[in-house]
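What follows is the residue order along each chain.
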Amino acid sequence: MASKTEMNVINISRKDCPVVQVTVYKDRAQVSCCLEVELKEGVQELHITDFVEIEEDSIRVEGKGNATIAEVSFQSEVTQEDESAIEGKEKALQDELKLLKQELENLKIPSKKEVIGKEKKLLDDFFNRAARTGIAPGNDETTSNVELAGSFLGGVREYITEYRTINYNLISDLQELEKKEEEMKKDISVIEGKLRDLRGNREPSDRKRECIVVLDSPKVSTIELTVSYVVFSASWIPSYDLRMFTDKGNLKLFYYGLITQFSGEDWNDTKIFLSTAEPSFGGNIPEIPITHLSVMEPYRPILKGASFRAPEYSDVHLMSGCSALRGFALDDFSQSLEFAEVKVVDKTTSTSYEIARNSSIPSDNNPHKVTVAILDYEPELSYVTVPKASPNAFLRAKVVNTSAFMLLAGESSIFLDNSFIAKAILQSAAPKEEFTCSLGVDPSVRVTYKPIIKMRSSSGILAKTESNLYEQVIEVKNLHDKSVNVLVQDSLPKSTRDKIKVNLLSPVVDPKHPEKSDVRLTKFNAVEWDLTIASMATKEVVLKYSVDHPANITVESTAATISQSI
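So, a few notes on the structure that sits alongside this text. (Residues numbered from 1 in each chain as written. Predicted model: local features only at pLDDT ≥ 70, side-chain atom pairs only at ≥ 80, totals over all residues. Heavy atoms only, no water.)

1. Digging into the overall build of the chain
And step 1. In terms of helices and strands, the chain carries three helices and 27 strands.
And step 2. A sequence separation of at least 24 residues applies to 75% of the contacts in the chain between residues at least 6 apart.
And step 3. A total of about 37,100 Å² of accessible surface is found on the chain, and carbon and sulfur atoms cover 51% of it. (Helix = DSSP H or I, 4+ residues; strand = E, 2+ residues; numbered from the N terminus. Contact = heavy atoms within 4.5 Å. Areas by Shrake-Rupley, 256 points an atom, 1.4 Å probe, with all protein chains shown as cover.)

2. Thoughts on the packing of aromatic side chains
And step 1. Scanning the model with the defined rule gives ten aromatic pairs in all.
And step 2. Judged by centre distance (5.4 Å) and plane angle (80°), the rings of Phe 51 and Tyr 229 are edge-to-face. With Phe 51 in the loop between β4 (42–49) and β5 (55–64) and Tyr 229 in strand β8 (residues 221–231), the pair connects residues that are 178 residues apart, well separated along the chain. The two residues Phe 51 and Tyr 229 agree in class, both being buried.
And step 3. Judged by centre distance (6.2 Å) and plane angle (85°), the ring pair of Tyr 377 and Phe 435 falls under edge-to-face. Linking Tyr 377 in strand β14 (residues 368–377) with Phe 435 in strand β19 (residues 434–441), this pair joins segments that are 58 residues apart in sequence. For the pair shown, Tyr 377 and Phe 435 are each scored as buried.
And step 4. The side chain of Arg 243 reaches across the aromatic face of Phe 254, ending 5.7 Å from its centre. (Phe/Tyr/Trp six-rings, centres within 6.5 Å; stacked < 30°, edge-to-face > 60°. Buried < 20%, exposed > 50% of the residue type's maximum accessible area, 1.4 Å probe, protein only. Lys NZ or Arg CZ within 6 Å of the ring centre and 35° of its normal.)

3. Focus on the sheet that holds strand β9 (residues 234–245)
And step 1. Sheet architecture is open: five strands sit in the order β14-β10-β9-β17-β18, paired in mixed fashion. Strands with a single pairing partner mark the edges of an open sheet, and in this sheet they are β14 and β18 (419–426). Ignoring strand direction, the axes of neighbouring strands in this sheet form an average angle of 20°. (Pairing = 2+ DSSP bridges. Axes fitted to C-alpha atoms, helices over the stretch in contact; angles between N-to-C directions.)

4. Things to note about the pattern of salt bridges
And step 1. Using the criterion set out here, one finds 14 salt bridges in the structure.
And step 2. Residues Glu 192 and Lys 101 are paired through a salt bridge, measuring 3.8 Å at the closest nitrogen-oxygen approach. Of the two residues, Glu 192 is situated in helix α3 (residues 150–200) and Lys 101 in helix α1 (residues 83–106); the sequence distance between them amounts to 91 residues.
And step 3. When the shortest N-O distance is used, the salt bridge between Arg 520 and Asp 530 registers 2.8 Å. (Salt bridge = Lys/Arg side-chain N within 4 Å of Asp/Glu carboxyl O.)

Note that all results are geometric; they support no functional claim without further evidence.
Printed below as a string of structure tokens:
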């Protein structure tokens, strides 16, 4: 191989190599750019400069043409502007700052503002004296009129006109001077800031990043190289539009990707891929952590002057949720045993989505929307109402993901017959998996939660028992021109004390075979009714129960919301 001094060195800026493809992950992106290189015969070095901050180990180079890639390396080194150039800029700024400060000082010695102010005061005083001398009161105390000569009145008018002109000019000069003084102070502040920045640049503040490719060509030729690397300042999240057309029973799902990047380079007219892979987790299979158990001893404070004594071992206690164990064997570990927080996260197979059209994603740290797919579904529609919490009927769609796309959890905008309804979170769904989404409130299904009826009675002679009977009526009316299915939910109180008995009187449920009935009692103590309501029809359901307890106690009720899938 030829020595480095004999090698032909080719320098190309990364900025002159167009980005042709980008694969965006959840926390990074892989960028591929393309360039053509004219090679001479023999070994030569290609220096690709002006890289942004990248993952240095991720750089890869592939090529097409009559040459061999002998070596690829990436180097990053701190650069510093030449000291003489910095000193020259600093001296120029200092001279400019000195000149400005001198001009500002000239406004103060003597102060031009003071001179103009004195001139204006002198003019005002002269006008006042002239006005007083022009009044000639008579010697007689009864004289009430002042006679002025006609020539004097003409002189006064001329003087007033001249006074107004001179006064306006003085005021204008004063305002102009104040404006100039303010501008000079701003210029001084700007130059002082530049000086601070320049002096700060004496510290290493930039890096020279370049990729060096050693190429061996048997003859003069032109080759095409593709350089790929990973940047971290990029990510994407899913976003959806759910558009339900009730007359056709069709649901259109617009699947978008919101891409954000501030890598320092723009991706213009580039092929975009969105990947669901999470490379940040790495490729190593984790090792199984070992849990150590030791004997727990009661805490005994060590008194001053007392000698340390090893703890006496007793029974072993296994405590769940304990953040630390006190009392260890001498050969055990000395730190506290910490219990890691457990998080449940849905994991799916990695998928990459190709965006149909080339896109431009600038490096501005703002989300940019690209369309992944437009999917058509035929959902199973029904309504859900929980009138105790909200007297509304919510349209619900059960959908089977018949597409080849993995739907990731993300925010969705819901449109019902082209009218925006609300925003909701769409849960993840793999291909062929069923998912449920809410399509908002439908005002054409009216729900009335009538006031509860309460009746009280007591029984017993010695140990009196108090019984309270409750009756709740729920009315649902369908204003559509077709029948609808409605799931009605209401809560049955649940006793936390043996002395308080709750008895469900109506409806009658079959606890052994709830799937065969239109009425059921769930494990969350909710009563559910499956109703089919014809067009313009109304149905009522009744929840009736009793609460029995000793008469000498007072029952306290507290409400709690339990999240459940419906």
